[in-house]
Amino acid sequence: MTYTLIALVGASFILNFWFFRRLSKSKKENLQYRKSIQFALEALGKDLTNFQAGISRDLDRTNKSVEGNLGMIKNVSRKIDTREKFIINSLPSTIRDVIGHIEFAKPLDSNHGRG
């Protein structure tokens, strides 16, 4: 009985030693795993920041381009409006001039244009 008791106590010491050694190895592995994850997350954060900065730069360039094009469109629109107003304002006098030319034109033949 004493031998079995000594064998059980010895086995428990051996198992405890093995278990704690295994536990310390897993702590080291976890620490390495955590460091690699932390490094990967930092790299991902840098990439995300660079991506966001690139997007904001592209958006600013696009906005400037669109604003420039809108300015050109407004200028063209003003020119067209000015020409429209001129045409609308001068239309009655143009019609009067054309009608006057038709009325006072020389006939093409002696029958005064009647066939």
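Up top is the structure.
Residues numbered from 1 in each chain as written. Predicted model: local features only at pLDDT ≥ 70, side-chain atom pairs only at ≥ 80, totals over all residues. Heavy atoms only, no water.

Focus on the overall build of the protein chain
A tally of helices and strands in the protein chain yields one helix and zero strands. Across the 115 residues of the protein chain, 2% fall into the buried class. Accessible surface, the protein chain as shown: approximately 11400 Å² in total, 65% of it carbon and sulfur. (Helix = DSSP H or I, 4+ residues; strand = E, 2+ residues; numbered from the N terminus. Buried < 20%, exposed > 50% of the residue type's maximum accessible area, 1.4 Å probe, protein only. Areas by Shrake-Rupley, 256 points an atom, 1.4 Å probe, with all protein chains shown as cover.)

Digging into the pattern of salt bridges
A full pass over the atoms with the stated rule returns one salt bridge. Two residues, R61 and D58, come together in a salt bridge whose shortest N-O distance is 3.2 Å. One end of the pair, R61, and the other, D58, are both in helix α1 (residues 2-103), three residues apart, so they sit about a helical turn from each other. Its relative accessible area of 54% is what places R61 among the exposed residues. For D58, a relative accessible area of 39% corresponds to the partly exposed category. (Salt bridge = Lys/Arg side-chain N within 4 Å of Asp/Glu carboxyl O.)

Considerations on a nonpolar patch on the surface
The grouping of L15, W18, F19, F20 and L23 at the surface amounts to a nonpolar patch, some 570 Å² of accessible area in total. Among the secondary structure elements, L23 is positioned in helix α1. Residue classification places L23 among the partly exposed positions, given a relative accessible area of 34%. (Patch = residues over 30% accessible without salt bridge, like charges linked within 9 Å, V, L, I, M, F, W, Y side chains within 5 Å.)

Section: a positive patch on the surface
Together, R21, R22, K25 and K28 make up a region of like positive charge exposed at the surface. On the secondary structure map, K28 appears in helix α1. Under the relative-accessibility criterion, K28 is labelled exposed at 59%. (Lys, Arg positive; Asp, Glu negative; His and termini not counted. Charge placed at Lys NZ, Arg CZ, Asp CG, Glu CD.)

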